[in-house]
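# Inside the fold
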Amino acid sequence: MHLLITGGAGFIGSNFIHYTLRHRPECRITVLDAMTYAGNKASLAPAGDRIELVVGRIEDANLVDRLVQACDIVVHFAAESHNDNSIANPLPFVTTNVVGTFTLLEAARRHGRRFHHVSTDEVFGDLELDDPEKFRETTPYNPSSPYSATKAGSDLLVKAWVRTFGLNATISNCSNNYGPYQHIEKFIPRQITNVLSGLRPKLYGAGANVRDWIHVDDHNSAVWAILDRARPGSYYMIGADGEQNNKAVIELILELMGKPRDWYDHVNDRPGHDLRYAIDSAKIRSELGWTPRYTTFHDGLAATIAWYRDHADWWQPLKKAVEARYAKQGQ
Ligand code: NAD
Ligand code: DAU
């Protein structure tokens, strides 16, 4: 099986490649990645020459046509992925997430290729803290930020290509991932690398916002369950029952790193900040027999802290610029 993996030099895509090389060594892998600020060749180093890396953009119709024709399955991770960046400058999100996904869909349609679209729970908006409901496959779309609006747009394009053109496509909507190789602009690695750099963690607002954390390997095993067993045109929520509020996550990081639990700063809140995400993953568990392996957030987080401690060469070159950008936003 020849996989075309878009965004394979990013956080989840690179972990997907390492997961695939471990569990599915028979697969041939081509990566298409623009190597934006979020792409990192060092994240692919352990794969060595077992993969082919093509540096290019998913909106490049000629390049995409050639690569899609040559593969059996497209697994589409590439995106502009950070909410705060989408508030500062939305245009790259429209270009990559909407036009890029459209370009890939057209090539998959022309060549009759299987297409899996990796998406987010944020397309559904947010929940109240005490809402007994969780996001499920039938929840109406109601995105809040420019990032989530463009991901919602890309999901709707996929759904239209399935219904109108009969494209053999699937979508997964996953909650917040954590694990190795996550860009240090994101919440958990930012706080870990702050502590490792002697800086205090930064909490937006009061920190009551809840995210439903899942280890990246569990996300990727779920994507494989979909590639292996899902019916064409089916959609799945992916989550591991990992709800935590941000304040509790910072306190746990501090505790695991041997610092006082109150050694952090409150900083400016994110405009339009979604309050709570929570996933009902009953469909993928019952239909495809998927279950997460990292069942305690505490242990997964401890392993992630150890990874950043052991891989300072991977993140240190990025740290100064990331913190300078946040400082300008009062964050
Ligand atoms: P990331 O920002 O770490 O990586 C994105 C990758 O895409 C980078 O390597 C970047 O260079 C590449 N890229 C960006 N624009 C491109 C373009 N125009 N053409 C080609 N490549 C381009 O993102 P991530 O956190 O790994 O997220 C991967 C996917 O998973 C995204 O679609 C995201 O919406 C989705 N997702 C992420 C999470 C999460 O918690 N991180 C949760 C659910 C879904
Ligand atoms: O839910 C899935 C989504 O999760 C993905 O689609 C996105 O690509 C991914 O970035 C993530 O979005 P969030 O906005 O939830 O993640 P982020 O890591 O930016 O922030 C997590 C929470 O932590 C959020 O409530 C904002 C807060 N936060 C973030 C940072 C960077 C802080 O309190 N302090 C910080 O320094």
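First things first, this report covers the structure right here in the doc. (Residues numbered from 1 in each chain as written. Chains lettered and ligands numbered in written order. Predicted model: local features only at pLDDT ≥ 70, side-chain atom pairs only at ≥ 80, totals over all residues. Heavy atoms only, no water.)

### Side note on empty space enclosed by the protein
Note the threshold: Cavities and pockets were defined on a 1 Å grid built over protein atoms only: a cavity is a set of grid points that admits a 1.4 Å probe from which the probe cannot escape, a pocket is an open set flanked by protein on both sides within 12 Å along at least five of seven lines, and lining residues are those with an atom within 4 Å of any such point. Grid points are joined across faces, edges and corners, and a volume is the space filled by probe spheres set on the points. Helix and strand labels come from DSSP, where a helix needs a run of H or I of at least four residues and a strand needs a run of E of at least two; each type is numbered from the N terminus.
The full count for this structure, using the stated rule, is 1 cavity of 30 Å³ or more. When its volume is computed, the largest cavity comes out at roughly 40 Å³. If you go around the largest cavity, the residues you meet are Phe124, Glu137, Tyr141, Lys159, Asn173, Tyr235, Tyr236 and Met237. With 3 residues, strand 11 (residues 235-238) is the largest single contributor of residues to the lining of the largest cavity.

### A closer look at the site of ligand 1
Just so we agree on the cut-off: In these notes, residues near a molecule or strand are those with any non-hydrogen atom within 4 Å of it. Counting of polar contacts relies on pairs of N or O atoms within 3.5 Å, with two restrictions inside protein: one atom must be capable of donating a hydrogen and the other of accepting it, and residues adjacent in sequence are counted only when both atoms are side-chain atoms. We get accessible surface area from the Shrake-Rupley algorithm with a probe of 1.4 Å; when it comes to residues, only the shown protein chains can shield them. Following the grouping adopted for this structure description, the nonpolar residues are Ala, Val, Leu, Ile, Met, Phe, Trp, Tyr, Cys and Pro, the charged ones are Asp, Glu, Lys and Arg, and the polar ones are all others, Gly among them.
Taken together, 29 residues lie near ligand 1, and Asp33, Glu59, Ser81, Tyr147 and Lys151 sit nearest. Between ligand 1 and the protein, one listed contact pairs an oxygen atom with a side-chain N or O atom of Asp33 at 2.6 Å. Met35 has a polar backbone atom sitting 3.5 Å from an oxygen atom of ligand 1. For ligand 1, whose accessible area on its own is 840 Å², the fraction buried by protein is 97%. Every element with two or more residues in the shell around ligand 1 is listed here: helix 1 (11-23), strand 5 (114-120) and helix 5 (146-165). With 3 residues, the single largest contributor to the shell around ligand 1 is strand 5. For the shell around ligand 1, the class distribution of residues is 13 nonpolar, 12 polar and 4 charged.

### Details of helix 4 (residues 91-111)
What counts is decided by this rule: A helix is expected to reach a length of 1.5 Å times the quantity of its residues less one. The bend at a residue is defined as the angle formed between two axes, one fitted to the seven residues ending at that residue and one fitted to the seven starting there. Note on exposure labels: buried denotes an accessible area under 20% of the residue type's maximum, exposed denotes more than 50%, and partly exposed covers the range between, all computed with a 1.4 Å probe on protein chains only.
Helix length check: helix 4 (21 residues) gives 29 Å between terminal C-alpha atoms against 30 Å at 1.5 Å per residue, within 8%. A bend of about 25 degrees at Gly100 is the largest found in helix 4. The complete set of buried residues in helix 4 reads Phe93, Thr96, Asn97, Gly100, Thr101, Thr103, Leu104, Leu105, Glu106, Ala107, Ala108 and His111.

### Observations regarding the pattern of salt bridges
Stated precisely, the cut-off is as follows: Throughout this description, the term salt bridge denotes a Lys or Arg side-chain nitrogen within 4 Å of a carboxyl oxygen of Asp or Glu.
Following the criterion strictly, the structure yields 21 salt bridges and no others. Salt-bridge contacts for Lys202 lead to Asp265; the nearest nitrogen and oxygen are separated by 2.6 Å. One end of the pair, Lys202, is in strand 8 (residues 202-204); the other, Asp265, is in strand 13 (residues 265-267), and 63 residues separate them in sequence. We classify Lys202 as buried; its relative accessible area is 18%. Classification of Asp265 as partly exposed rests on a relative accessible area of 23%. Members of the salt-bridge network, linked through shared partners, are Lys247, Glu251, Glu255 and Arg261.

### What about the pairing of strand 2 (residues 28-33)?
This is how it is decided: Orient the strands so they point away from the viewer; a crossover is then right-handed if the path from the first strand over the helix to the second runs clockwise. Note on pairing: two strands pair once DSSP finds at least 2 bridges between them.
Within strand 2, 5 of the 6 residues are buried, leaving the element largely enclosed by the surrounding structure. For the segment spanning strand 1 (residues 2-6), helix 1 and strand 2, crossover handedness is right-handed. With 5 bridges connecting them, strand 2 and strand 3 (residues 51-55) associate as parallel partners. Within strand 3, the position partnered with Thr30 by the bridge is Glu52.

### Structural notes on the packing of helix 2 (residues 61-70) against helix 4
As a reminder of what qualifies: Only the contacting stretch of a helix is used when fitting its axis, a line to C-alpha atoms as for every element, and angles between N-to-C directions run 0 to 180 degrees. Oblique is the label for every angle not falling under 35 degrees (roughly parallel), over 145 degrees (roughly antiparallel), or within 65 to 115 degrees (roughly perpendicular). Each crossing gets its handedness from the near helix: less than a right angle anticlockwise from the far helix is left-handed, clockwise is right-handed. What makes two residues a contact is simply this: any of their non-hydrogen atoms within 4.5 Å.
Relative orientation of the contacting elements helix 2 and helix 4 amounts to 45 degrees, with a least axis distance of 9 Å. Considering their axes alone, helix 2 and helix 4 lie oblique with respect to each other. Considering how the two elements wind past one another, helix 2 and helix 4 form a crossing that is right-handed. When helix 2 is examined against helix 4, the residues Ala61, Val64, Asp65, Val68 and Gln69 are found in contact with a partner set consisting of Thr103, Leu104, Ala107, Ala108, Arg110 and His111.

Nothing here speaks to function; it is geometry throughout.
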